[in-house]
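Letter by letter, the chains look like this.
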Amino acid sequence: MIEIGKYNELRILSKTEAGLNLTDGDKLVILPYQYVPKGAEIGDNISVFVYIQKDGRLTGTTQKAYAEVGDFAFLKVVSDGDDGVFMDLGIDKDVYVPAREQKRPMQKGYKYVVYLYLDENSDRLLASSKLYDFVEEEGFDFEEGDEVSLLITEETDLGYNAIINNTYIGLLYNNEVFDNVQPGEMRKGWIKKIRVEGKIDLTLQPSGYGHILDSKEMVLKELKKNGGVIELGDKSSPEDIYHRFQISKSAFKKTIGSLYKERLIVLSDDSIRLVTDEDAE
């Protein structure tokens, strides 16, 4: 069965004036000659992105689309009008966002995170920026502490919303973000907390004992590189700590606390240093 708005593996059936006829054994898809790979022959299989032309014909392209149906993606508006806008999908076919599917009015030249779907009546490829209409709200396939893929969607008063594994939505709180985060960015993140009501808290730093072990090695390595002293301690700002080690202040405090218990470092409010022979005496 041919899936519109997605890549399909189809067989080359025949040649026409307009291009190659491709088939899944049931329906035909026309592949214009400018998208036919060199050396392609009748009987070969070929992967094409399939969409519907205005005249209703199924058409294929070997161009690389930025996203497929069922994906969340960060796309640019290339033309706008009163009824809706068109966004660049990376292929000759732009994707349409009706005005009713815009969370806020979209403007030409700007990029937005949208969800790609098919119109139920016409199978036309559409997109929507009303992301909450398309995310799953239960049946999570992860647990607290798991590493996940994040697509940053927008900044809010509390922090940044992000799509999780192209399926769910969660929140990165402002006090968990120490570097420059922008809508449209793909980030590696971790599940911090799954709340009773189904809300998901996210973090950009891993947690757990394994992470502390890694952080200990990193801090010790940095200390040795810097003559045994680093000007960061309990009273240092989260931003300074993240800039130096790319970990949260909480993770940093656990790390240096563990190193202190092992008598490997000496702590102060504003610095840490390696234990010397004099300290040992």
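Shown above is the structure to which this text applies.
Rules behind the numbers
Residues numbered from 1 in each chain as written. Predicted model: local features only at pLDDT ≥ 70, side-chain atom pairs only at ≥ 80, totals over all residues. Heavy atoms only, no water. Helix = DSSP H or I, 4+ residues; strand = E, 2+ residues; numbered from the N terminus. Buried < 20%, exposed > 50% of the residue type's maximum accessible area, 1.4 Å probe, protein only. Pairing = 2+ DSSP bridges. Axes fitted to C-alpha atoms, helices over the stretch in contact; angles between N-to-C directions. Core = buried A, V, L, I, M, F, W, Y, C linked by side-chain atoms within 4.5 Å. Contact = heavy atoms within 4.5 Å. Salt bridge = Lys/Arg side-chain N within 4 Å of Asp/Glu carboxyl O. Phe/Tyr/Trp six-rings, centres within 6.5 Å; stacked < 30°, edge-to-face > 60°. Arc of directions from axis to C-beta. Patch = residues over 30% accessible without salt bridge, like charges linked within 9 Å, V, L, I, M, F, W, Y side chains within 5 Å. Areas by Shrake-Rupley, 256 points an atom, 1.4 Å probe, with all protein chains shown as cover. Lys, Arg positive; Asp, Glu negative; His and termini not counted. Charge placed at Lys NZ, Arg CZ, Asp CG, Glu CD.

**Student:** What am I meant to see in unusual backbone geometry here?
**Tutor:** Negative phi is the rule for most residues except glycine; trans is the rule for most peptide bonds. A positive phi angle, near 60 degrees, is found at asparagine 166, a position not held by glycine. Its location among the elements puts asparagine 166 in the loop between strand S12 (159-164) and strand S13 (168-173). One non-glycine residue, arginine 263, adopts positive backbone phi at about 60 degrees. Mapped onto the elements of the fold, arginine 263 is located in the loop between helix H3 (249-261) and strand S17 (265-267). By relative accessible area, arginine 263 is classed as exposed at 70%.

**Student:** Explain the sheet that holds strand S14 (residues 186-194) to me, please; I cannot follow it from the model alone.
**Tutor:** Strand pairing in a sheet relies on backbone hydrogen bonds, with the paired strands running either antiparallel or parallel. With mixed pairing, five strands are arranged side by side around a closed barrel as S11-S12-S13-S15-S14. The mean angle between the axes of side-by-side strands here comes to 55 degrees, regardless of whether they run parallel or antiparallel. Here five bridges tie strand S11 (residues 147-155) to S14, and the two strands are oriented antiparallel to one another. If you follow leucine 150 over to S14, its bridge partner there is arginine 187.

**Student:** What should I look at first to understand the nonpolar core in this one?
**Tutor:** A general feature of soluble globular proteins is that nonpolar side chains tend to end up buried together. Leu75, Met87, Leu89 and Leu116 are the most contacted members of the largest nonpolar core, which has 19 residues in total. Every element with two or more residues in this core is listed here: strand S4 (45-52), strand S6 (72-80), strand S7 (84-87), strand S8 (95-98), strand S9 (111-118) and strand S10 (125-128). Ranked by the residues each element gives to this core, the list is headed by S6, at three residues. With near-sequence residues (within four places) excluded, leucine 116 lies in contact with Ala67, Glu68, Val69, Gly70, Asp71, Leu75, Leu89, Leu125, Leu126 and Ala127. In terms of nonpolar packing, the next biggest core, distinct from the first, is built from 15 residues, Val148, Leu150, Leu172 and Ile191 among them.

**Student:** Teacher, can you tell me more about the pattern of salt bridges here?
**Tutor:** Two side chains carrying opposite charge are able to pair once their charged atoms lie near each other. For the structure on display, the rule yields nine salt bridges. In this structure, arginine 195 and aspartate 201 form a salt bridge, with 2.6 Å as the shortest nitrogen-oxygen distance. In this structure arginine 195 comes out as partly exposed when scored by relative accessible area, which is 29%. By relative accessible area, which is 5% here, aspartate 201 ends up buried. With its nearest N and O atoms 3.4 Å apart, the salt bridge here joins glutamate 222 to arginine 244. Here glutamate 222 is found in helix H1 (residues 209-225), whereas its partner arginine 244 is found in helix H2 (residues 238-245), with 22 residues between them in sequence. With relative accessibility at 16%, the residue glutamate 222 sits in the buried group. Each of Lys103, Arg104 and Glu154 takes part in one network of salt bridges that share partners.

**Student:** Please explain the packing of aromatic side chains as it appears in this structure.
**Tutor:** Each pair of aromatic rings is reported with the distance of its centres and the angle of its planes. Within the structure shown, the criterion is met by nine aromatic pairs. Judged by centre distance (4.8 Å) and plane angle (55 degrees), the ring pair of phenylalanine 72 and tyrosine 115 falls under tilted. Separated by 43 residues along the polypeptide, phenylalanine 72 in strand S6 and tyrosine 115 in strand S9 bring together distant segments of the chain. Comparing phenylalanine 72 with tyrosine 115, the two get one shared label, buried. Each ring, one from phenylalanine 245 and one from phenylalanine 252, has its centre 5.8 Å from the other, and the planes form 20 degrees; the classification is stacked.

**Student:** What is the right way to read H2 from this model?
**Tutor:** Along an α-helix, a turn takes 3.6 residues, which lines up residues three or four apart on a common side. Among all positions in H2, only Ile241, Tyr242 and Phe245 are buried. The buried residues of H2 occupy an angular sector of 95 degrees when the element is viewed end-on, so they sit on one face.

**Student:** Hey, could you run me through a negative patch on the surface in this one?
**Tutor:** On the surface, Glu231, Asp234, Asp269 and Asp270 cluster together to form a negatively charged patch. For aspartate 270, the location among the structural elements is in the loop between S17 and strand S18 (272-274).

**Student:** I would appreciate a short explanation of the environment of leucine 126 in the present structure.
**Tutor:** Mapped onto the fold, leucine 126 is located in strand S10. Distance from leucine 126 to leucine 232, taken between C-alpha atoms, is 51 Å for residues 106 residues apart in sequence. The contact partners of leucine 126, leaving out residues within four places of it in the chain, are Val95, Tyr96, Pro98, Tyr115, Leu116, Tyr117 and Asp119.

**Student:** It is not clear to me how the environment of glycine 228 should be interpreted in this structure. Could you clarify?
**Tutor:** Following the sequence through the fold, glycine 228 ends up in the loop between H1 and strand S16 (229-230). It is 9.0 Å that separates the C-alpha atoms of glycine 228 and isoleucine 265, two residues lying 37 residues apart in sequence. Sequence-distant contacts of glycine 228, that is, excluding residues within four places in its chain, are made with Leu223, Ile272, Arg273 and Leu274.

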